[in-house]
2 protein chains.
Amino acid sequence: MSRGKPGPEQLDLTLGLLDCVNARDGYKTASGVDTRNYGLLDGIPEAKEMFADILEVEPSQVIVGGNSSLNLMFDYIAAAYSHGVNGGKPWCREETVKFLCPSPGYDRHFGVTEYFGFELIPVDMTPEGPDMDAVEKYAADPAVKGIWCVPMYSNPDGITYSDETVRRFASMKTAAPDFRIMWDNAYCLHHLTDTPDTLLNLYEEAKKCGTEDRVVIFASTSKVSFPGSGIAVVAGSPKTVADIKQRMNYQTIGYDKLNMLRHVRYFKDADGVREHMKLHAAILRPKFQAVLDALESNLGGKEIAEWNTPRGGYFVSVNVMDGCAKETVRLLKEAGVVMTGAGATYPYGKDPRDRNIRIAPTFPPLEELKTAMELFCVCAELAAAEKLLEA
Amino acid sequence: MSRGKPGPEQLDLTLGLLDCVNARDGYKTASGVDTRNYGLLDGIPEAKEMFADILEVEPSQVIVGGNSSLNLMFDYIAAAYSHGVNGGKPWCREETVKFLCPSPGYDRHFGVTEYFGFELIPVDMTPEGPDMDAVEKYAADPAVKGIWCVPMYSNPDGITYSDETVRRFASMKTAAPDFRIMWDNAYCLHHLTDTPDTLLNLYEEAKKCGTEDRVVIFASTSKVSFPGSGIAVVAGSPKTVADIKQRMNYQTIGYDKLNMLRHVRYFKDADGVREHMKLHAAILRPKFQAVLDALESNLGGKEIAEWNTPRGGYFVSVNVMDGCAKETVRLLKEAGVVMTGAGATYPYGKDPRDRNIRIAPTFPPLEELKTAMELFCVCAELAAAEKLLEA
């Protein structure tokens, strides 16, 4: 339950993807390009189209990358550090660079900006998304260069940003002209219900305000096809795309086009992907339900834990009693259950209230998950009891 | 004839690779790891072993990456720039960084270091490799941080570095403690004859001198399997490997393991790769011969051009008369033949004598290649005649 990792039965859903590009079925794009060879730096046209539909942008705004959207985000921040964005001052030449980290959030996001020595500023999450009053206040500081966002079914809270939040991101004033919203739409396809959340199109809202260059969008098929062998994309304004392509000319001979073609052939188009995701949801719903049932029946009404009920994404976020997250995770480890480290969902791994624990229900088989959740609840209760006795 | 690009008949040789990892044949490593999912940051063990054999290092010294060795080189230089190497001072904090560029050489190597604003210093190539007197002299400057090398069948000259050259690289004094030899062994498997060149093992020589941390080795299967969908590797000392892995923890969720498994299953082991390369050589030998025959029969003895006779690699390097390379390429373009831009084989695209032209014989069909070479010789002669008339 430690990482957001699909289970083997989910990976079996796309085994056919491995068989659709070969000698028999061919390896050329619709326009006749041999995907085995060099060329098409920004991806094959049909993959750009598929993702443009998913992300609600134009195909020309999409660059299809390798197997890791995290790598595309790292590359974007690395290039901002060494060269600046869109011709601006390199961030490595700034005295201080600060980055906003809605928390609880995704540890690997925070890690990228920590690696480059930025100062990480936690921003509280609300049921509408990040606390926008705080975001706007911080953005008035020219050293604040950007923010990490998982706008749909956020990691780990499962919150989809409200229309109001998206509009405030589009319209807010930023003292830094090169402020960047790292819009990691990792779970845009990962609904758990038949009535999916909807997310306002940040790029369109930003265009209305003339701020579209601040929006950098990421997504991948890591939890659609294969986590190790999916395809990732980055999208943005014409200026942003030109800036990234200019760097890519130096960086790579291009990404794996055979794998892009596999994905396009297998899913056909964005609607094909959307249909496919219903198969994932059918596998995941009982697992999420098992987690929620265990929490409710063991901890409900005891006032020692709160949790969200996600309508999509990969996580259940639990807040145990203040000061009890580390102890709960420690007790679980003693009992043989490995969780994401307590604190991991906060910048520098430090949860100020030591209460948030991220549960990832997707990988374990259902029966194991149920057992682990019983243990989770016992440990959370035990940690709370210890704490109350201390006081 | 502009880029070192395999022809379609070469790519057909490995079509079977696309069919050896799937539901029927399985997708697990020998040790049982599911290659579809997250995990194994530095690659699957069997791929590390295969490349360790090819590069004559230990498997623990190998990191298997994505589809582009250029990307691994870029990442290495980018990390040196932002973070320094092995805990050293970040190169972006240095007043000046200079990098040695044996010339003629590979434009994309030079491009990476140009992108990061380093000062590129050309070093002459000799029949033994780079002019080591010059290299040693430059390395006495602490601002000189490294050198680009294609040690076997060099791009474009086809020169394999002599044992003496390799030993001097291992033993030479460098004023910069973080001097790096970017040892791009791109053509280590790409022999054209039955009596391959041999290259002394730089890493072993460096170990004898205690300089092994300066050696960073790169290779890929771009011209073994598929240029767009091969696998690339970086290898080095334990310190270097630890340094790269530390960065990769922040950078990526790992590289495409399904594709690594495809390669290992298809080629079996390093000997399988070596056998396979004989099939490439059989296709390429007539193409190289056609280029050499055309040069000899049209320009031989006229004292207006010199060329190498490569025993491997991807190029024939021609020196036309001084001041005639650009004009030759221009005339060829008018005749409908696209070449690598004249000057591309020198830092900043500036060939001081305007004489080197890189011919890439691999992609065009043999008959087209013959026609293009006739035109090449006519244009070289015409450019020489114009020049002589000017004088």
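See the structure printed just above.
In what follows, the accompanying structure is described. Note on numbering: residues in each chain are counted from 1, in written sequence order. Chain letters and ligand numbers both follow the written order, the letters beginning at A and the numbers at 1. Reporting in this predicted model follows two pLDDT cut-offs: at least 70 for local features of residues, and 80 or more for side-chain atom pairs to be given and counted; totals over whole chains, interfaces and linings ignore these cut-offs and use all residues. Each side-chain value is derived from all of the structure's non-hydrogen atoms; neither hydrogens nor water enter the calculation.

Turning our attention to the overall build of chain A. By the criteria applied, helices consist of DSSP H or I runs no shorter than four residues and strands consist of E runs no shorter than two, each listed in order from the N terminus. What chain A contains, in helices and strands, is 12 helices and 11 strands. When we talk radius of gyration, it's over C-alpha atoms, and the globule rule is simply 2.2 Å times the number of residues to the 0.38. For 391 residues, the compact-globule estimate of 2.2 N^0.38 gives 21 Å, and the C-alpha radius of gyration of chain A, at 21 Å, lies within 12% of that figure. Referenced to the eigenvectors of the C-alpha coordinate spread, the extents of chain A come out at roughly 70 × 55 × 35 Å. For each residue, the accessible area found with a 1.4 Å probe, counting protein chains only, is set against the maximum for its type, and the residue is called buried under 20%, exposed over 50%, and partly exposed in between. Relative to its full complement of 391 residues, chain A shows a buried share of 63%. The contacts of chain A with a sequence gap of at least 6 include a subset with a gap of at least 24, amounting to 75%. Only the protein chains shown count as cover for residues, and all accessible areas are computed by the Shrake-Rupley method using a 1.4 Å probe. By element, 51% of the accessible surface of chain A is carried by carbon and sulfur atoms, the whole surface being about 14400 Å². On chain A, the mean spot of the 42 positive side-chain charges and the mean spot of the 54 negative ones are 5 Å from each other. The contact definition used throughout considers only heavy atoms, calling two residues in contact when any of these lie within 4.5 Å. By the counting rule applied here, Lys and Arg register as positive and Asp and Glu as negative, while His and the ends of each chain are not counted. To locate a charge, the coordinates of NZ of Lys, CZ of Arg, CG of Asp or CD of Glu are taken.

This part is about the interface of chain B and chain A. Contact residues are listed per partner, giving 55 residues for chain B and 55 residues for chain A. At the boundary of chain B with chain A, total buried surface from both sides reaches about 4800 Å², with 52% on carbon and sulfur atoms. Definition used for salt bridges: Asp or Glu carboxyl oxygen within 4 Å of a side-chain nitrogen of Lys or Arg. Linking chain B to chain A there are 2 salt bridges. In this structure, the salt-bridge partner of Asp12(B) is Arg36(A), at a minimum N-O distance of 2.7 Å. In protein, a polar contact requires one atom able to donate a hydrogen and another able to accept it; more generally it is a pair of N or O atoms within 3.5 Å, and residues adjacent in sequence count only if both atoms are side-chain atoms. In this assembly, chain B and chain A are joined by 24 residue pairs in polar contact (both at pLDDT 80 or more). The greatest single-element share of the side of chain B that touches chain A, amounting to 8 residues, is contributed by helix α3 (residues 69–83) of chain B. All residues other than Ala, Val, Leu, Ile, Met, Phe, Trp, Tyr, Cys, Pro, Asp, Glu, Lys and Arg, Gly among them, are scored as polar; the first ten of these are nonpolar and the last four charged. Each residue belonging to the side of chain B that touches chain A can be placed in one class, and the counts come to 24 nonpolar, 18 polar and 13 charged. By buried area we mean the combined loss of accessible area, with a 1.4 Å probe, across both parts when two parts are placed together.

The next subject is the packing of α3(B) against helix α8 (residues 238–251) of chain B. All names here are of chain B. Fitting a line to C-alpha atoms yields each axis, with helices limited to the stretch in contact; the angle taken between N-to-C directions then spans 0 to 180 degrees. Interaxial distance between α3 and α8 falls to 11 Å at its minimum, and their mutual angle equals 90 degrees. Classified by the interaxial angle, the pair formed by α3 and α8 is roughly perpendicular. Facing α3, whose interface residues are Asp 75, Tyr 76 and Ala 79, α8 presents Thr 240, Ile 244, Arg 247 and Gln 251. Residues of the contact of α3 with α8, tallied by class, amount to 3 nonpolar, 2 polar and 2 charged. Here the angle decides the label: under 35 degrees means roughly parallel, over 145 means roughly antiparallel, 65 to 115 means roughly perpendicular, and every other value means oblique.

Another point: the relation of the copies chain B and chain A. A least-squares fit on C-alpha atoms brings the copies together, and the residues used are those whose pLDDT is at least 70 in both copies. With an axial shift of 0.0 Å and an RMSD of 0.0 Å, the rotation relating chain B to chain A amounts to 180 degrees. In the structure described here, the two chain copies are related by an operation that fits a two-fold rotation axis.

Take the sheet that holds strand β10 (residues 316–320) of chain B next. All names here are of chain B. The strand order across the open sheet formed by 3 strands is β9-β10-β11, and the pairing between neighbours is antiparallel. Looking at the sheet topology across the chains shown, the edges are occupied by β9 (305–307) and β11 (356–359). Averaged over all adjacent pairs, the angle separating strand axes in this sheet is 25 degrees, with direction ignored. Pairing between β9 and β10: 3 bridges, direction antiparallel. What sits directly across from Glu 306, in β10, is Asn 319. Contacts from helix α11 (residues 325–334) reach β10 and β11 within the one sheet, and its direction differs from that of β11 by about 40 degrees. For two strands to count as paired, DSSP must find a minimum of two bridges between them.

Attention now moves to the packing of aromatic side chains. Each Phe, Tyr or Trp ring, with Trp reduced to its six-membered ring, pairs with another whose centre is within 6.5 Å; inter-plane angles below 30 degrees give stacked pairs, above 60 give edge-to-face pairs, and intermediate values give tilted ones. Using the criterion set out here, one finds 35 aromatic pairs over all chains in the structure. Seen in terms of ring centroids, Phe99(B) and Trp148(B) are 5.7 Å apart; in terms of plane orientation they differ by 50 degrees. Their pairing is tilted. In this pair, Phe99(B) sits in strand β2 (residues 98–103) while Trp148(B) sits in strand β5 (residues 144–149), placing the two residues 49 residues apart along the sequence. Residue classification places Trp148(B) among the buried positions, given a relative accessible area of 2%. Centroid distance Phe116(B) to Phe118(B): 6.3 Å. Interplanar angle 40 degrees. Geometry classified as tilted. By relative accessible area, which is 4% here, Phe118(B) ends up buried. Members of the aromatic cluster, each reached through a chain of ring pairs, are Phe74(A), Tyr81(A), Trp91(A), Phe99(A), Tyr115(A), Phe116(A), Phe118(A), Trp148(A) and Tyr250(B). Looking at Lys223(A), its charged tip hangs above the ring of Tyr314(A), at a distance of 5.4 Å from the centre. Residue placement shows Arg36(B) over the ring face of Tyr27(B); its charged tip is 3.8 Å from the ring centre. Put simply, a charge is over a ring when the Lys NZ or the Arg CZ is close to the ring centre, within 6 Å, and near the line of the ring normal, within 35 degrees.

All right, on to the sheet that holds β2(B) then. Residues and elements named next belong to chain B. Spatially, 8 strands are ordered β1-β8-β7-β6-β5-β2-β3-β4 in an open sheet, and the strand pairing comes out mixed. Bordering the open sheet on either side are β1 (62–64) and β4 (129–130), each of which pairs with just one other strand. When strand β3 (residues 119–126) meets β4, the two strands line up antiparallel, connected through 2 bridges. Its bridge partner being in β4, Met 125 is matched across the sheet by Pro 130. Of the strands in this sheet, β4, β5 and β6 (180–184) touch helix α6 (residues 163–171), which is tilted by about 145 degrees from β6.

Residue and element names in this part refer to chain A. Applying the stated criterion to the full structure yields 52 salt bridges over all chains. As a salt-bridge pair, Asp 322 and Arg 353 come within 2.9 Å of each other at their nearest N and O atoms. With Asp 322 in the loop between β10 (316–320) and α11 (325–334) and Arg 353 in the loop between α11 and β11 (356–359), this pair connects stretches of sequence that are 31 residues apart. By relative accessible area, Asp 322 is classed as partly exposed at 36%. Of the charged contacts in the structure, one is a salt bridge between Lys 370 and Glu 367, with a shortest N-O distance of 3.8 Å. A residue pair is termed a helical-turn pair when its members lie 3 or 4 positions apart in one helix, as Lys 370 and Glu 367 do in helix α12 (residues 366–390) at 3 residues.

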